[in-house]
There are 2 protein chains.
Amino acid sequence: MTAPRRVLIVGGVAGGMSAATRLRRLDESAEITVIERGPEVSYANCGLPYYVGGVIPERASLLLQTPDSLHRRFRLDVRVRHEASRIDTARKTVDVIDLDSGRRTVETYDALVLALGASPRRAETGSSIPVLSLRTVADADAIHSSLTRPGIPVVVIGGGYTGLEAAENLVSRGAAVTLVQRGEQLLSPLDIEMSAPILAAVRSHGVDVRLCVTITGTTDGAVALSDGTSAPAELIVDASGVTPETQLATAAGIAIGETGGIRVDASCRTSAPDVFAVGDGVEKTELVGGGTALITMAGLANRHGRMVADIIAGRAPSSRPALGTGIVSVFGSVAAKVGWSEKQLTTAGRDFYTAHVHPASHAGYFPGAETMSMKLLADPLTDRILGAQIVGREGIDKRIDVIATAMHAGLPASELSQLELAYAPQFGSAKDAVNMLGYVAENTRSGTTPTLQWHELDDALTAGAALIDVRTPAEFAAGAIPGAINVPLDELRERLDELPDGPLIVHCQVGLRGHAATRLLAQHGFAVRNLDGGYRTWHDARSARSGSRT
Amino acid sequence: MTAPRRVLIVGGVAGGMSAATRLRRLDESAEITVIERGPEVSYANCGLPYYVGGVIPERASLLLQTPDSLHRRFRLDVRVRHEASRIDTARKTVDVIDLDSGRRTVETYDALVLALGASPRRAETGSSIPVLSLRTVADADAIHSSLTRPGIPVVVIGGGYTGLEAAENLVSRGAAVTLVQRGEQLLSPLDIEMSAPILAAVRSHGVDVRLCVTITGTTDGAVALSDGTSAPAELIVDASGVTPETQLATAAGIAIGETGGIRVDASCRTSAPDVFAVGDGVEKTELVGGGTALITMAGLANRHGRMVADIIAGRAPSSRPALGTGIVSVFGSVAAKVGWSEKQLTTAGRDFYTAHVHPASHAGYFPGAETMSMKLLADPLTDRILGAQIVGREGIDKRIDVIATAMHAGLPASELSQLELAYAPQFGSAKDAVNMLGYVAENTRSGTTPTLQWHELDDALTAGAALIDVRTPAEFAAGAIPGAINVPLDELRERLDELPDGPLIVHCQVGLRGHAATRLLAQHGFAVRNLDGGYRTWHDARSARSGSRT
């Protein structure tokens, strides 16, 4: 195969720039042209909220490459403020408008790469309160300059990754932030009990979180919400989500998938010959379900851009399905996920089992250890890992990356217990948190310790089970599940005759003593299950639920 | 199979306690007796240096469990200050001496678990300068109370994990520390160029590091060294290593392996029937070489202890070969490794290829990013990962754990590029450091960018190759490799005719621009290789080498 002479890339930033620079390294002779509608061809999209908040003090740090630097190093012909207005897939041409001069040209291609991205939703309020998004440097500039005084009231729409980052950074700039979320929880990629610590952190930093509401209109200086309340606002930041940019592709007859993103095969080829597409405008094949999904992550855009360059240069594709790994830090708390949530699995009718643990981020005897909340979802038949969620303050990114690597490699959940992770007391424990999660998964799946989930507890108690809290009397006194009987683990063997005859549910603070109690009682002939994740998971779920009703 | 009635465990701490508690959870009726020579059955071995340094202020934090707490919760019969003096494997008995009363008993067993540990080497100086090790709580107490005044001179023997931790913590207590290391580098599990940043960090914090020397004797208030110099010492801390405790096993006719540790099969069974062994006294099967090695890590001891309990309780073994994952933090710098080093591979005559990268710990545009040094060793035929080493200040533990997980799963080196790791600017980059390492591995192995190692440079230059430094003139002026010609990457295409005709070696600061230059020049017909890891790896190797000669 002869390498194409002329490669046209529409859209810069992650996917487009990865394709362009890799292609140049593989092919000195190709003509590579990048058409970018905006004023910047390469900027740090994920840094924008932190520029607003002043964490990134220099605007220049956001700008990674310029057309000039890209020409010098890679002989790329980068045209910013140029818009591709039409693709003719039969003649292999793209109509391009210079947005400043209005001049129109027709560019030919041997290969075309569409890195069109996604556009932010922007609430229609029909009022004079300005609505901004947080997707481009211009957006960040606009928000930055709107924060004209301390205490300015801002409504953020959306409690996802960007909404939370926006809220945090607006607070650091002194704004009075109301966060409006349509769903019953923040961070909808997580399950509700896992989102609870984030809700608590955000509220404790003064953000007025409103769940289960939408904006119905605006009055003078306030937005009206669907529950009849209102929130003061001189600025609205809409971080409620993005929609793939597909207009150009659609007009050219290029197929769009069911998710609304451009449809591509495993090589990122679209339905049109020699037209590739990558990045947030494209639907991804994902690992857990085997179907397609919109996963708008910079890592995937980069990886696919690079792969397309390889393919254009005549190399073999290296496609892997997406895991949907994500992470967000907000007010010192961190939430991360990979794969599917329990909600997704339930909706899809998938069979799964669940394990919650709350280990320390590093050895408890070394200062600074923080308790994490970890959730694993796995297939009971194959033990394949289907998803994981982790929330806490330290060591979250490490554990989600280890689990993502295990999922990528197809390791079963129980194998997490066997990983030989680096241990010194600053970094982990001799049995690392991930090992513990693997042990609990194995005990759960094998039936060594049958468990019960927090959302199954009420039904089990109604059906006549007794609930035994095996924590200490001091822990019990500080807060207990209604109806629980306190029999501390260390007294359990002596007090077996106090226990009711029927089915038992035991619980402790995080699940570990409950596991020991379950094993003990089962061997003494009791029908017993351990409340997975203990009081802490139950309490998180409860606080998230009550939080969503306020 | 009927579960054994009577299980005897000799040795507490990691391996022994994991076996004992897991076994109780699986079997309420077994009689479980733990014989421990020392006064503590369960303590935080890896925390001892930090107790010496005051990082862990409370001695009580080191003591994890007591015989009493273990009896209450797990009905373990734990006998501290009891020594097993003889095993009769035919009659299945162990002679036990109560070290306080001198009383002797004979204990029978159905299953015996030896968790005998390893004993620290202790230098024989033949003088009045006290020599202490750092292996037990009593050792830590003794060092703690020896530091009677600021500026007290202490010699630490050994530049391994424990020696470095000891040096750091002695410095925080105000001691004047000389570190004496037999080999030419600190941290011998790493290759020399990777140990250089640790050497620099330790020296910059005032530790007088002496390489390539041993102690030959002591004079009044000083140790004499093999190079004719001396070092002041009122205390010597010997952290030069440990030797498996095998006397009890040997006397019982239990087989010892070639490494000097007790020989066990994949189920941790010794050569004697129903006698298991785990922990630092036992040799481990390791993944890369397929042979045995002494790997004294708490994680393996815990894992094997738990597995032995499973086997005793009639469950299937879950053995996995050891990777030898390790990490150490010293003066804010962190070094970690997994698998084999280049030295080990070379000594064993194994075929391998190498990749060095120096990526940032997180997105460069976000404050606080620190440059890491990463080294990967992989099999050129299968692309199997053979080892990795990472040094830096932030994010080291995460990356080594991801690579350890990939090794455990058998992922090829190039697959590291495909891992979908969690990205937000605080935690990583859209192309994470591990992804970059995978890309460089792939480019190296495929021959896309042929590379040259730092230790191959002199020979190549002697053989007539020209060295082109593609960094900027400012970088070149700040420090360059002797003989290099400076042609900045961005000018390379215009200045091709200035380049010599013969073979070229290019380099930049860390390898990335060198990669682009290599691709560019190769396509213009030059015979060119990229200096792997760039100026930084070369400089690290050189500073480590010169450091070892001082």
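Residues numbered from 1 in each chain as written. Chains lettered and ligands numbered in written order. Predicted model: local features only at pLDDT ≥ 70, side-chain atom pairs only at ≥ 80, totals over all residues. Heavy atoms only, no water.

Regarding the overall build of chain A
Scanning chain A for helices and strands turns up 15 helices and 32 strands. What you see for chain A is a C-alpha radius of gyration of 26 Å, in line with the 24 Å of a compact globule of 550 residues. A total of 550 residues make up chain A; the buried ones form 60% of that total. Long-range contacts, defined here as pairs at least 24 residues apart, represent 62% of the contacts in chain A between residues at least 6 apart. In the form shown here, chain A has an accessible surface area of approximately 19900 Å², with 50% of it arising from carbon and sulfur atoms. Averaging the positions of the 52 positive and the 61 negative side-chain charges in chain A gives two centres separated by 5 Å. (Helix = DSSP H or I, 4+ residues; strand = E, 2+ residues; numbered from the N terminus. Rg over C-alpha atoms; globule rule 2.2 N^0.38 Å. Buried < 20%, exposed > 50% of the residue type's maximum accessible area, 1.4 Å probe, protein only. Contact = heavy atoms within 4.5 Å. Areas by Shrake-Rupley, 256 points an atom, 1.4 Å probe, with all protein chains shown as cover. Lys, Arg positive; Asp, Glu negative; His and termini not counted. Charge placed at Lys NZ, Arg CZ, Asp CG, Glu CD.)

So, the sheet that holds strand β8 (residues 104-108) of chain B
All names here are of chain B. Pairing in this open sheet of three strands is antiparallel, and the strands run β6-β7-β8 from one edge to the other. Bordering the open sheet on either side are β6 (82-88) and β8, each of which pairs with just one other strand. Along the sheet, successive strands turn relative to each other by an average axial angle of 25°, direction set aside. Pairing analysis gives six bridges linking β6 to strand β7 (residues 93-98), with the strands arranged antiparallel. Within β7, the residue paired with His82 across the bridge is Asp98. (Pairing = 2+ DSSP bridges. Axes fitted to C-alpha atoms, helices over the stretch in contact; angles between N-to-C directions.)

Remarks on the pairing of strand β12 (residues 153-157) of chain A
Successive side chains on a regular strand alternate, one facing one side of the sheet and the next facing the other. Residues and elements named next belong to chain A. Counted residue by residue, β12 has five buried out of five residues, so it is predominantly covered. Note that β12 and strand β13 (residues 176-180) share five bridges and pair parallel. In the sheet register, Pro153 faces β13, and the bridge partner there is Ala176. Between β12 and its parallel partner β13, the chain crosses via helix α5 (residues 161-172), and the hand of that crossover is right-handed. Bridge count for β12 against strand β18 (residues 235-238) is four bridges, and the pairing is parallel. Residue pairing across strands places Val155 opposite Ile236, the latter belonging to β18. (Right-handed = clockwise from strand over helix to strand, strands pointing away.)

A short note on the interface of chain B and chain A
The interface of chain B with chain A comprises 81 residues on the first partner and 81 residues on the second. Taking both sides of the interface into account, the surface hidden between chain B and chain A amounts to around 7400 Å²; carbon and sulfur atoms contribute 52%. For the interface between chain B and chain A, the tally reads 16 salt bridges. Its salt-bridge partner being B:Arg493, residue A:Glu28 comes within 3.0 Å of it at the nearest N-O pair. The tally of links from chain B across to chain A stands at 46 residue pairs in polar contact (both at pLDDT 80 or more). (Buried area = accessible area lost by both parts, 1.4 Å probe. Salt bridge = Lys/Arg side-chain N within 4 Å of Asp/Glu carboxyl O. Polar contact = N/O pair within 3.5 Å; in protein donor to acceptor, adjacent residues only side chain to side chain.)

A few points about the environment of B:Arg22
Summarising the element assignment, B:Arg22 is placed in helix α1 (residues 13-26). The exposure class of B:Arg22 is buried, given its relative accessible area of 0%. B:Arg22 sits 245 residues away from B:Ser267 along the chain, and the two C-alpha atoms are 16 Å apart. In contact with B:Arg22, not counting residues within four places along its chain, are A:Asn443, A:His515, B:Arg306, B:Ala309, B:Asp310 and B:Arg315.

Some points on the domain arrangement of chain A
All names here are of chain A. By domain assignment, chain A separates into domain 1 (6-118 + 243-312), domain 2 (122-240), domain 3 (332-445) and domain 4 (451-533). Placing a centre on the C-alpha atoms of domain 2 and another on those of domain 3 gives a separation of 31 Å. Residue-level contacts link 13 residues of domain 2 with 17 residues of domain 3. Contact with domain 3 buries surface across domain 2, with Leu190, Asp191 and Met194 losing the most and accounting together for 48% of the total. A salt bridge links Lys375 to Glu193; the nearest nitrogen and oxygen atoms lie 2.7 Å apart. Put simply, domain 2 and domain 3 have nine residue pairs in polar contact (both at pLDDT 80 or more) between them. Listing elements by their share of the side of domain 2 that touches domain 3, those giving two or more residues are α5 and α6 (192-204). The element best represented in the side of domain 2 that touches domain 3 is α6, accounting for five residues. (Domains from an automatic or database assignment.)

A look at the environment of A:Gln181
Residues and elements named next belong to chain A. Turning to its location among the elements, Gln181 is positioned in the loop between β13 and α6. Once the C-alpha coordinates of Gln181 and Ile481 are considered, the two residues, 300 residues apart in sequence, prove to be 29 Å apart. Discounting chain neighbours no more than four positions away, the residues touching Gln181 are Gly158, Gly159, Leu186, Leu187, Arg210, Leu211, Cys212 and Val213. Within the structure, Gln181 has its side chain in polar contact with the backbone nitrogen of Gly159 (distance 3.0 Å).

Thoughts on the packing of aromatic side chains
Under the defined criterion, the tally for this structure stands at four aromatic pairs over all chains. Taken together, a centroid distance of 5.7 Å and an interplanar angle of 35° make the contact between B:Tyr535 and B:Trp538 tilted. Note that B:Tyr535 and B:Trp538 are positioned in helix α15 (residues 534-549) at a spacing of three residues, about one turn of the helix. Side by side, B:Tyr535 and B:Trp538 carry an identical accessibility label, which is buried. Cation over ring: A:Arg350 sits above A:Trp340, and NZ or CZ is 5.8 Å from the ring centre. One residue, A:Arg471, lies across the ring of A:Tyr535, its end atom 4.4 Å from the ring centre. (Phe/Tyr/Trp six-rings, centres within 6.5 Å; stacked < 30°, edge-to-face > 60°. Lys NZ or Arg CZ within 6 Å of the ring centre and 35° of its normal.)

Section: the relation of the copies chain B and chain A
Both copies of the chain are related by one operation, a rotation about an axis with a shift along it. In the superposition of chain B on chain A (RMSD 0.0 Å, axial shift 0.0 Å), the rotation amounts to 180°. Such values leave the two copies arranged in the relation of a two-fold axis. A high fraction, 100%, of the interface residues of chain B reappear at the interface in chain A, so the copies pair face to face through one surface. (Least-squares fit on C-alpha atoms with pLDDT ≥ 70 in both.)

Focus: unusual backbone geometry
Positive phi values are uncommon outside glycine, yet A:Arg81 reaches one of about 55°. Tracing the sequence through the fold places A:Arg81 in the loop between β5 (77-80) and β6 (82-88). A relative accessible area of 30% means that A:Arg81 is categorised as partly exposed. The phi dihedral of B:Phe331 is positive, around 50°, even though this residue is not glycine. Looking at the secondary structure, you find B:Phe331 in the loop between β23 (326-330) and β24 (333-339).

Observations regarding the sheet that holds strand β16 (residues 222-225) of chain B
All names here are of chain B. Reading across the sheet, the three strands line up as β15-β16-β17 and stay open at both edges, with antiparallel pairing between neighbours. In the strand order of this sheet, the two ends are held by β15 (215-219) and β17 (230-232), each with one partner. Strand-to-strand twist across the sheet, computed as the mean angle between neighbouring axes with direction ignored, equals 25°. Judged from the three bridges that link them, β16 and β17 form a sheet pairing that is antiparallel. Along β17, the bridge assignment pairs Ala224 with Ser230.

What to know about the pairing of strand β23 (residues 326-330) of chain A
Residue and element names in this part refer to chain A. Taken across its five residues, β23 has five buried, putting it largely inside the fold. Along β23, one buried face is formed by Gly326, Val328 and Val330 and the opposite face, lined by Ile327 and Ser329, is buried too. As paired strands, β23 and strand β24 (residues 333-339) are joined by five bridges and run antiparallel to one another. By the bridge assignment, Ser329 is partnered in β24 with Val334. The antiparallel pairing of β23 with β24 creates a hairpin that spans two residues between the two strands, and Phe331 there sits at a positive phi of about 50°.

Examining helix α3 (residues 67-74) of chain B
All names here are of chain B. Residues Ser69, Leu70 and Phe74 constitute the buried set of α3. Buried residues along α3 cover an arc of 100° about the axis, so they all sit on one side. Packing partners of the buried residues in α3 comprise α1, β4 (63-65) and β5 (77-80). Arg75 sits one or two positions beyond α3 and adopts a positive phi of about 50°. (Arc of directions from axis to C-beta.)

Details of the side chain of A:Arg6
All names here are of chain A. As for its placement among the helices and strands, Arg6 is situated in strand β1 (residues 6-10). Classification of Arg6 as buried rests on a relative accessible area of 13%. Only 3.4 Å separates the side chain of Arg6 from the side chain of Thr33, close enough to count as a polar contact. Contact partners of Arg6, with chain neighbours within four places excluded, come to Glu31, Thr33, Glu107, Thr108, Tyr109, Asp110 and Ala111.

Notes on the state of the cysteines
All names here are of chain A. This model, assessed by the stated rule, comprises zero disulfides over all chains. The cysteine Cys268 is free of any disulfide, with Cys46 supplying the nearest cysteine sulfur at 19 Å. Judged by its relative accessible area of 4%, Cys268 falls in the buried class. (Disulfide = S-S within 2.5 Å.)

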